[in-house]
Amino acid sequence: MANRLLAAAVAVAALAVHPTRAVAQADTPRFELVVQPTVGTTSDVFTATVRFETRSFARPDNYEAPRFDGFEVTKDNQSTGRMIHRGTYPRYVEFHRYVLEPKRAGSFHLGPARARLRGRSYATNRVVVSVRDAATGTAPTATDPTKSGGVGAPGYTTPVPPAEDDMFLHAVVDKPTAYVGEQVTVTWLVFTRGQLGYLSPRTLRLNDWWAETLFQPRRNYQFHEATIGDTHYQVAIVSKRALFASKAGQVALPQLEADASLAYRSTRSRLLVSPTPTVTIKPLPANAPAGFDPSYVGSFHVEALVNGKAPTPGKPIAIGPAAGILLTLKVSGTGAVARTAPPVINVAGFRFGKPRDSSWRSTTRDGIVSGEQTYRYWSAAQRTGAQQIPTIKVAYFDPASGKYQTAQTVPIALLVKARQGSGVDLTSREDRLAAAMRTIHTGSINRQSVSYFNDSNWFWLLALLPSLGFVGLVVYQRVRRVLGEDTPKSRQRRARSKARKRFRSAARHLAEGNGHELFGELARLIYESLEHAVSQPVRSLTRPQLKWLLAERGFDAELIGRIDAQLDRCDFARFAPAGIDDAEMTRDLERTEALVTAIRDTAKALASDEEAPA
Amino acid sequence: MNRIVIAATALLLCAGHAASAGAPHSFTGANRAYGEGRWDDAVAGYESLVAAGLVNRDLYFNLGNAYFRSGHLGPSIYNYERALRLSPSFADAKHNLALARDEVATRWPDRMKSAEKPSTWIRIVTFLSTRTLTVLFLAFNLAFFCGLIFVRLVRRGAFRTSLIVTSVVAGMLTISAAVLLWSNVHYTQKVHYGIVLNDQLHMREGAYEQSGEGALIHAGLRVRVIGRESGWVQIGLANGHAGWVPDKAIGEL
């Protein structure tokens, strides 16, 4: 019992605590301190801003301003605001702004500001501000300010800052001249005097260059300090690329564009544009050796393997009868390895085509692009016996020496075994694959088309036909059931149908001039109408009995008289039709039609009288 | 005059015959090149027929073989897939496609995890061919409604009870077959797939050369074609990765 009570109490407590916790998490305030600029001199004015923002209308209690050691607060103000974010979410924002003047030079830790919200204490971040003496400001320096981060900008030069601009881009190129295809390292730097809100570089337009990325900050920029004249900046690398020129002449570097803003000025985002220094690109010398491909600029080494085996001096590599040879050529070195063209292999006794596949890997260690391209060629030996793949030469231009060089493989001795009998030695993987493959289809070919049965009308017809059959059966059974029921309505429908048939038959007899049949049909029509009206057989009744019955059922005397007269006329005419002409027969037909209508109306009126409440 | 007319007619007939017989001659020529081990010539011959608009499963199969023998696994797999699209029960193409995929697995063992394995649901719905599922759906549908019709015609008895049970089972099977068929049609006919043709290439984050590099993909990988933009194709892998590649690197099925 005690255990159950304890468990229940724990559950209730958990339920009670849970929503509070959720509310607390949802209402964690944004509380931060920003100082602009973070680097300056003793003659500069600094601004500190504390922002407190909650996702409700709750205000902070006991706000405590940050410590500004080394600074004098010359002015401060506060502003608050309540808003409904996106029409749904409440927001409360409070800003405290402080204008600071440094008392002395040094590095100061400002903050944190403190506040309480719903009994919980919160504190802002701390900001390090570096202040230098204005009188002894550092002289302009050409030292790479990013060097300490390990990703320095080769060939760094001090930029000329734009007038009255606290943020700009700078482009640094490592060399003023280069050959076509030689690596040129370009570093784009951002200089800022304030805390960076965001910086989003746009895509580079590499018109006359092929590029390899050397360094690209993934998340945060790594800032360093730099001084230009009397002004202190924070500097970070935005991008660092190895560029390879594709044409000679005075070629401008690609221009880097970036959308940027300082912290708390995100609404004032602006476009920063880097300068575009030009580089003199020299053409390659004219005395290129035969087979030289202009993509080979750098320093290269080549190595050849046969069927994955490196050549051993004095020991030929054995090739099975009619077996394939896989020649692997590895080109490694520094330069734009990824864009090098595959060497063309012309070896007597073999027929090597284009490489069947290739793979490459490159590294950018120490800012130099290097790597290895592996090309795989396949061929079958065209003759047997001892053979040799001679040295394969790859000519390249070495920009360091300014001369063409040649890298070459060592000759590879092969021993192609002769075929014995008709069997094929399937030692190589290519031959095993060839044997396992189903061979090509020969013969005539015709145009085919992709057609899906499920898209055709036949599919829908076959799919819907059973359901339509079922629906048809249901409808048929329903109609049959309705028609087969014995209700006043169905009786009336049947009587009318019968009457229509009688009238059509009478009209036919009239057209044929058959008076006997016509009057017989009219008499039957009147009797059937009466039987339907009084709901009992009347043909066996004598005429007085019929009149009494009709009167008893409520038919008025005038109608009874008309019925009697017409029945008399029919009896007479049936047995003496010769004395009646066509006009009279037509009038009889019309009279009978009117009589039947009157009988039907009377029967309907009498029936409704009976149904009406007494 | 008559002679001139007869000669001109004969010339026209000969020219017409030569034009109609052009395709088989090229096909024969490409087959001959294949037989002689001139794989590149065979590829060129078959490709010229494909470029001329000829669509035929044997042509695609032979082209796949020529690419396979010349070591180009991506185009080889692409053409086997094209042959199988025309003729899903093409046993030779299935066999060689399996060999080519084995070769891809041998050549690039460090392929991306789950990039080729479709989700369990896709594997279930594509386990049977569209044609088989269509036949099953129509058969179950017919059995279901025939059962219902007989249930209405037979008034009572054990036979009627067995008819009701049969109809319920057939109805459930009809619904299952319809769902499978719809999903199968969606994944095989409505969703556009492509085959990676290059030996290996990096997907890009955007439709331009300088955008960030994504995952490395290999030849023969079956990818979903999501969109196109000025010479680039946005592709999606089975493991959810997506990126852009040049459109020449993808053969769309």
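Residues numbered from 1 in each chain as written. Chains lettered and ligands numbered in written order. Predicted model: local features only at pLDDT ≥ 70, side-chain atom pairs only at ≥ 80, totals over all residues. Heavy atoms only, no water.

(A) Highlighting the sheet that holds strand β27 (residues 385-389) of chain A. Residue and element names in this part refer to chain A. Pairing is mixed in the open sheet, where three strands are placed in the order β23-β30-β27. Here the strands that pair on one side only, and so sit at the sheet edges, are β23 (317-319) and β27. The average undirected angle you get between the axes of adjacent strands in this sheet is 30°. By the bridge criterion, five bridges tie β27 to strand β30 (residues 412-416) in an arrangement that is antiparallel. The partner of isoleucine 389 across the bridge, within β30, is isoleucine 412. (Pairing = 2+ DSSP bridges. Helix = DSSP H or I, 4+ residues; strand = E, 2+ residues; numbered from the N terminus. Axes fitted to C-alpha atoms, helices over the stretch in contact; angles between N-to-C directions.)

(B) Fine view of the packing of helix α4 (residues 57-69) of chain B against helix α5 (residues 73-86) of chain B. Residues and elements named next belong to chain B. Relative orientation of the contacting elements α4 and α5 amounts to 165°, with a least axis distance of 8 Å. It follows that α4 is roughly antiparallel to α5 by the angle criterion. The interaxial crossing formed by α4 with α5 has left-handed handedness. Residues Arg57, Tyr60, Phe61, Leu63, Gly64, Asn65, Tyr67 and Phe68 of α4 form the contact with α5, whose participating residues are Leu73, Pro75, Ser76, Asn79, Tyr80, Arg82, Ala83 and Leu86. (Parallel < 35°, antiparallel > 145°, perpendicular 65-115°, else oblique. Left-handed = near helix turned anticlockwise from the far one by under 90°. Contact = heavy atoms within 4.5 Å.)

(C) Inspection of the interface of chain B and chain A at higher detail. Taken together, the 56 residues of chain B in the interface contact 43 residues of chain A. Interface area for chain B against chain A, summed over the two sides, is near 4,400 Å², with a carbon-plus-sulfur share of 58%. For the interface between chain B and chain A, the tally reads one salt bridge. One salt bridge connects Arg438(A) with Asp92(B), and the closest N-O pair in it is separated by 2.9 Å. (Buried area = accessible area lost by both parts, 1.4 Å probe. Salt bridge = Lys/Arg side-chain N within 4 Å of Asp/Glu carboxyl O.)

(D) Seen up close, the confidence of the model for chain B. Residues and elements named next belong to chain B. Scored by pLDDT, chain B comes out at a mean of 82, with 87% of its residues at no less than 70. Per-residue pLDDT, averaged within each element of chain B, yields its smallest value for helix α1 (residues 2-20) (44) and its largest for α4 (92). Every residue in residues 5-24 is under pLDDT 50, and counting partners more than four places away or in other chains gives two contacts. Predicted as a complex, the structure gets a pTM of 0.44 and an ipTM equal to 0.73. (pLDDT = per-residue confidence, 0-100.)

(E) Geometry of the sheet that holds strand β8 (residues 114-117) of chain A. Residues and elements named next belong to chain A. Spatial ordering of the open sheet is given by β4-β8-β9, a layout of three strands whose pairing is antiparallel. Strands with a single pairing partner mark the edges of an open sheet, and in this sheet they are β4 (61-64) and β9 (120-123). Direction aside, the axes of adjacent strands within the sheet are offset by 20° on average. Two elements, β4 and β8, share two bridges in a ladder whose sense is antiparallel. Looking across to β8, one finds that glutamate 64 is bridged to arginine 114.

(F) Geometry of the side chain of Gln183(A). All names here are of chain A. For glutamine 183, the location among the structural elements is in strand β13 (residues 183-192). Judged by its relative accessible area of 11%, glutamine 183 is buried. Only 2.7 Å separates the side chain of glutamine 183 from the backbone oxygen of glycine 367, close enough to count as a polar contact. (Buried < 20%, exposed > 50% of the residue type's maximum accessible area, 1.4 Å probe, protein only. Polar contact = N/O pair within 3.5 Å; in protein donor to acceptor, adjacent residues only side chain to side chain.)

(G) Expanded view of a nonpolar patch on the surface. Residues and elements named next belong to chain A. A cluster of nonpolar residues, Phe453, Trp458, Trp460, Leu461, Leu462, Leu464, Leu465 and Leu468, forms a patch on the protein surface that exposes about 870 Å² of accessible area. With respect to the helices and strands, the residue leucine 461 is situated in helix α3 (residues 457-484). With relative accessibility at 44%, the residue leucine 461 sits in the partly exposed group. (Patch = residues over 30% accessible without salt bridge, like charges linked within 9 Å, V, L, I, M, F, W, Y side chains within 5 Å. Areas by Shrake-Rupley, 256 points an atom, 1.4 Å probe, with all protein chains shown as cover.)

(H) Looking closely at the nonpolar core. If you look at the biggest cluster of nonpolar residues, it comprises 62 residues, and the most contacted ones within it are Leu199(A), Trp209(A), Val306(A), Leu327(A), Ile389(A) and Leu414(A). By size, the runner-up hydrophobic cluster in this structure holds 43 residues, among which are Leu433(A), Trp39(B), Val43(B) and Leu59(B). (Core = buried A, V, L, I, M, F, W, Y, C linked by side-chain atoms within 4.5 Å.)

(I) Broad picture of the pairing of strand β4 (residues 222-229) of chain B. All names here are of chain B. Two elements, strand β1 (residues 193-196) and β4, share three bridges in a ladder whose sense is antiparallel. Each bridged residue has a counterpart across the sheet, and for tyrosine 193 the counterpart in β4 is arginine 224. A loop of two residues connects β4 with strand β5 (residues 232-236), the two strands running antiparallel in sequence, and serine 230 in this loop sits at a positive phi of about 35°.

(J) Local environment of the packing of aromatic side chains. A full pass over the atoms with the stated rule returns 21 aromatic pairs over all chains. Grouping aromatic residues by their ring pairs yields a cluster made of Tyr179(A), Phe292(A), Phe397(A) and Tyr404(A). Against the face of Tyr193(B) rests Arg222(B), its NZ or CZ located 4.7 Å from the ring centre. (Phe/Tyr/Trp six-rings, centres within 6.5 Å; stacked < 30°, edge-to-face > 60°. Lys NZ or Arg CZ within 6 Å of the ring centre and 35° of its normal.)

(K) Main features of the pattern of salt bridges. Enumeration over the complete set of coordinates arrives at 30 salt bridges over all chains. Between Lys247(A) and Asp208(A) there is a salt bridge; the shortest N-O distance is 3.6 Å. Here the residue Lys247(A) occupies a position in the loop between β17 (231-245) and β18 (249-252), and Asp208(A) occupies one in the loop between β14 (196-201) and β15 (209-215), the gap between them amounting to 39 residues. Lys247(A) gets classed as partly exposed once you look at its relative accessible area, which sits at 41%. Among the ionic pairs, Arg38(B) bridges to Glu36(B), the shortest N-O distance being 2.7 Å. Under the relative-accessibility criterion, Arg38(B) is labelled partly exposed at 30%. Several salt bridges share partner residues, and in doing so they unite Arg502(A), Glu521(A), Arg524(A), Glu528(A), Glu531(A) and Arg539(A) into one network.

(L) Up close: the packing of α5(B) against helix α6 (residues 91-107) of chain B. Residue and element names in this part refer to chain B. Their axes nearest at 9 Å, the elements α5 and α6 cross at an angle of 155°. By the criterion of interaxial angle, the relationship of α5 to α6 is roughly antiparallel. Our pair here, α5 against α6, has a crossing hand that is left-handed. Touching Leu73, Ser76, Ile77, Tyr80, Glu81, Ala83 and Leu84 of α5 are Ala93, Lys94, Asn96, Leu97, Ala100, Arg101, Glu103, Val104 and Arg107, all from α6. Residue classes in the contact of α5 with α6 are distributed as nine nonpolar, two polar and five charged. (Nonpolar A, V, L, I, M, F, W, Y, C, P; charged D, E, K, R; others polar.)

(M) Structural context of a positive patch on the surface. Residues and elements named next belong to chain A. Judged by side-chain charge, Arg496, Lys498, Arg500, Lys501, Arg504, Arg508 and Lys604 come together as a positively charged surface patch. Element by element, the count of residues in the positive patch is highest for helix α4 (residues 488-512), at six residues. Within the element layout of this structure, lysine 604 appears in helix α8 (residues 582-611). (Lys, Arg positive; Asp, Glu negative; His and termini not counted. Charge placed at Lys NZ, Arg CZ, Asp CG, Glu CD.)

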